[in-house]
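Structural overview for review
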Amino acid sequence: MAKTMNTQKIVTPSAESLASSARAAQKGGLPPVHLWNPPHCGDLDMRIARDGTWFYMGTPIGRTELVRLFSTILRKDGDDYVLVTPVEKVGITVDDAPFVAVDFNRKGDRLEFETNVGDTFTAGPDHPIRVERDPETGEPSPYILVRANLEALIDRKSFYRLVDIGEEADHEGTQWFGVRSQGVFFPIIPAAELQQ
């Protein structure tokens, strides 16, 4: 008697099937994507541009609710970004950071940020701000941690507002210009470079 092998082909899910699975997993608040370990089903033709625009098959996703839904099932595995549900995981492309911090408010000693997908959080020990500088141009790229290795690029207008409220302080034995939130100092640029 001949044996038959089970050669089940893994099919890459569509954006629609991912959205359906994500909706089913929603129970109020963010789903526990860090607990899910489904099989990797390939890569989806989905990309998040540097300005925070989400694209599917080369076309911007115009429905804000759908972008927000996808953002709740986004996870970073090593250097890769994936959309994950309890039953499937697909890779997507992220040009820079998956989110954009589009605004912040200063409330006492707290800097409260909001992203392009509606996440709100306060800069501090759990949500640090960091600034990378282009080695050739010196152009700053400021980021803030949103959740679980997922960062937001701080948009230009918000970064300029941060600079307006910045101060000089000692940071690890060097004078830096930066901002404070929840008692934590976040360096932006060495103070000596401000004098140049």
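These notes cover the structure that comes with them. (Residues numbered from 1 in each chain as written. Predicted model: local features only at pLDDT ≥ 70, side-chain atom pairs only at ≥ 80, totals over all residues. Heavy atoms only, no water.)

**Section: the overall build of the chain**
Counting its regular elements, the chain contains 4 helices and 15 strands. For the chain, the proportion of its 196 residues judged to be buried stands at 44%. Long-range pairs, those at least 24 residues apart, make up 54% of the contacts in the chain between residues at least 6 apart in sequence. As presented, the chain carries roughly 11300 Å² of accessible surface, and 50% of it is formed by carbon and sulfur atoms. (Helix = DSSP H or I, 4+ residues; strand = E, 2+ residues; numbered from the N terminus. Buried < 20%, exposed > 50% of the residue type's maximum accessible area, 1.4 Å probe, protein only. Contact = heavy atoms within 4.5 Å. Areas by Shrake-Rupley, 256 points an atom, 1.4 Å probe, with all protein chains shown as cover.)

**Remarks on the nonpolar core**
Membership of the largest hydrophobic core comes to 44 residues, with the highest contact counts inside it found for Met-46, Trp-54, Ile-92 and Phe-113. What Ile-92 contacts, discounting residues up to four positions off in sequence, is Leu-44, Met-46, Ile-48, Trp-54, Leu-74, Tyr-81 and Leu-83. (Core = buried A, V, L, I, M, F, W, Y, C linked by side-chain atoms within 4.5 Å.)

**Some points on the environment of Gly-78**
Relative to the assigned elements, Gly-78 resides in the loop between strand S4 (74–77) and strand S5 (80–84). For Gly-78, a relative accessible area of 59% corresponds to the exposed category. Separated by 71 residues in the primary sequence, Gly-78 and Asn-149 have C-alpha atoms spaced 9.2 Å apart.

**A word on the pattern of salt bridges**
Enumeration over the complete set of coordinates arrives at 15 salt bridges. Note that Glu-139 is salt-bridged to Arg-156, the shortest N-O span being 3.6 Å. Of this pair, Glu-139 sits in the loop between strand S10 (129–133) and strand S11 (140–147) while Arg-156 sits in helix H3 (residues 156–164); the two residues are 17 residues apart in sequence, bridging distant segments of the chain. The exposure class assigned to Glu-139 is partly exposed, which follows from its relative accessible area of 39%. The network of salt bridges with common partners includes Arg-68, Asp-119 and Arg-147. (Salt bridge = Lys/Arg side-chain N within 4 Å of Asp/Glu carboxyl O.)

**Some points on the environment of Thr-93**
For Thr-93, the position within the fold is in strand S6 (residues 89–94). Between the C-alpha atom of Thr-93 and that of Asp-80, which follows or precedes it by 13 residues, the distance is 8.1 Å. Ignoring any residue separated from it by four or fewer positions in sequence, one finds Thr-93 in contact with Met-46, Arg-47 and Ile-48.

**What about unusual backbone geometry?**
Even without a glycine there, the phi angle at Glu-172 is positive, about 55 degrees. Residue placement: Glu-172 occurs in the loop between strand S13 (167–171) and strand S14 (174–181). Residue classification places Glu-172 among the exposed positions, given a relative accessible area of 73%. Positive phi outside glycine occurs at Gln-182, with the angle close to 55 degrees. Position of Gln-182 relative to the elements: it lies in the loop between S14 and strand S15 (184–190).

**Details of the sheet that holds strand S1 (residues 40–48)**
One open sheet holds the 6 strands; their spatial order is S3-S2-S1-S6-S5-S4, and the pairing between them is mixed. Among the strands making up the open sheet, the edge pair consists of strand S3 (59–60) and S4. Here S1 pairs with S6 via 4 bridges, running parallel. When the bridges of S6 are listed, Asp-43 appears paired with Gly-91. (Pairing = 2+ DSSP bridges.)

**Overview of the pairing of S13**
Pairing of S13 with S14, which is carried by 5 bridges, proceeds in the antiparallel orientation. Within S14, the residue paired with Asp-170 across the bridge is Gln-175. Hairpin connection of S13 to S14: 2 residues between the antiparallel strands, including Glu-172 at a positive phi of 55 degrees.

**Let's talk about the packing of aromatic side chains**
The relation between two aromatic rings is expressed through the spacing of the ring centres and the mutual angle of the planes. The full count for this structure, using the stated rule, is 3 aromatic pairs. Between Trp-54 and Phe-70, the aromatic rings sit 6.3 Å apart at their centres with planes inclined by 15 degrees, giving stacked as the arrangement. Of the two residues, Trp-54 is situated in strand S2 (residues 54–56) and Phe-70 in helix H2 (residues 64–72); the sequence distance between them amounts to 16 residues. Among the residues examined, Phe-70 registers a relative accessible area of 0% and is labelled buried. On the numbers, 6.3 Å between centres and 15 degrees between planes, the contact of Phe-113 with Phe-121 is stacked. Through a chain of ring-to-ring contacts, the aromatic side chains of Phe-104, Phe-113 and Phe-121 assemble into a single cluster. The residue whose ring lies beneath Arg-47 is Phe-55, and the NZ or CZ to ring-centre distance is 4.6 Å. Note that Arg-161 overlies the ring of Phe-104, its terminal NZ or CZ placed 4.1 Å from the centroid. (Phe/Tyr/Trp six-rings, centres within 6.5 Å; stacked < 30°, edge-to-face > 60°. Lys NZ or Arg CZ within 6 Å of the ring centre and 35° of its normal.)

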